[in-house]
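# Fold and contact review
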Amino acid sequence: MDIGRYLTQSWNLTVKNLGTMVAAAIVTMVLGTVTLGILYFPLMGGMYLMYLKAAKGQTPKFPELFSCMGKTLPMIGAGLMIGILTTIGLILLVIPGLVVLTWYMFTHIFMADQGMGAFAASRASKEFVKKQGVVMSFLFLLVVGVINAAGAALLWVGMFVT
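Note that the coordinates shown come from a computational prediction; the quantities given were computed from them, not determined experimentally.

### Quick word on unusual backbone geometry
What is expected of a backbone is that most residues other than glycine have negative phi and most peptide bonds are trans. The backbone of Leu36 sits at a positive phi, close to 55°, despite the residue not being glycine. If you trace the backbone, Leu36 turns up in the loop between α2 (18–34) and α3 (40–55). A relative accessible area of 79% places Leu36 in the exposed class.

### A few points about the layout of surface pockets
Quantified by volume, the largest pocket comes out at close to 2,400 Å³. Taken together, 48 residues make up the lining of the largest pocket; nearest its centre are Ser10, Met44, Tyr48, Val144 and Asn148. Counting residues per element, the ones that place at least two in the lining of the largest pocket are α1 (3–16), α2, α3, α4 (72–91), α6 (107–114) and α8 (134–161). Counting residues per element, the lining of the largest pocket draws most heavily on α8, which supplies 10 residues. Considering only residue class, the lining of the largest pocket consists of 33 nonpolar, 13 polar and 2 charged.

### Considering α3
In this model, α3 (16 residues) spans 22 Å end to end at C-alpha, consistent with the 22 Å of a helix rising 1.5 Å per residue. Along α3, the positions that sit buried rather than exposed are Pro42, Leu43, Met44, Gly45, Gly46, Met47, Met50 and Ala54. Tucked inside the fold, the buried residues of α3 contact α1, α2, α4 and α6. Gly57 lies just past α3 and shows a positive phi near 85°.

### So, the packing of aromatic side chains
Counting across every chain of the model gives 7 aromatic pairs. Each ring, one from Tyr6 and one from Phe140, has its centre 6.2 Å from the other, and the planes form 80°; the classification is edge-to-face. With Tyr6 in helix α1 and Phe140 in helix α8, this residue pair connects regions lying 134 residues apart in the sequence. Take Tyr6: its relative accessible area is 27%, and that puts it in the partly exposed class. Under the relative-accessibility criterion, Phe140 is labelled buried at 16%. Note on Phe62 and Phe66: the rings are 5.8 Å apart at their centroids and 75° apart in plane angle, and the pair reads as edge-to-face. Using a relative accessible area of 30% as the deciding quantity, one classes Phe62 as partly exposed. These aromatic residues form a ring-pair network of at least three members: Tyr6, Phe106, Phe110, Phe128 and Phe140.

Cut-offs used in this document
- Residues numbered from 1 in each chain as written.
- Predicted model: local features only at pLDDT ≥ 70, side-chain atom pairs only at ≥ 80, totals over all residues.
- Heavy atoms only, no water.
- Helix = DSSP H or I, 4+ residues; strand = E, 2+ residues; numbered from the N terminus.
- Buried < 20%, exposed > 50% of the residue type's maximum accessible area, 1.4 Å probe, protein only.
- 1 Å grid on protein atoms, 1.4 Å probe; cavity = no way out; pocket = protein on both sides within 12 Å on 5 of 7 lines; lining within 4 Å.
- Points joined across faces, edges and corners; volume = space filled by probe spheres on them.
- Nonpolar A, V, L, I, M, F, W, Y, C, P; charged D, E, K, R; others polar.
- Expected span 1.5 Å × (residues − 1).
- Contact = heavy atoms within 4.5 Å.
- Phe/Tyr/Trp six-rings, centres within 6.5 Å; stacked < 30°, edge-to-face > 60°.

Below, the structure is given as structure tokens:
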């Protein structure tokens, strides 16, 4: 797994489709917050599909953000399942929780892209992570988490400054 290549590719796809991707991210954050997280997973599924389309050289369209709304309950169920298993793992000495989180980090992508149910997508995610290497996948998850935290911190700093 080449983390640098994935991050560079993701950044380039974002810049190339900046207006659409920023608008989709803002709508996802706002609707995810207003609905207390209920719409977060299907909206993220739509964003995953938009990025996959961009990665194939196609132009993502804003309405595609809503393309996974029909999968809301299964996506919430998968999120709850992963959250509960991760929490139990974290209580059991932290490392099992991090392993669970790493194994299942691609579950919602498989649900959105392949139309899989929660359990099939979880199995596919775990197999994908095993093929990529669990340690490298965890490092990828860690790097993405740090980038997300830095982005949130910068936004909050910007809010305080302005």
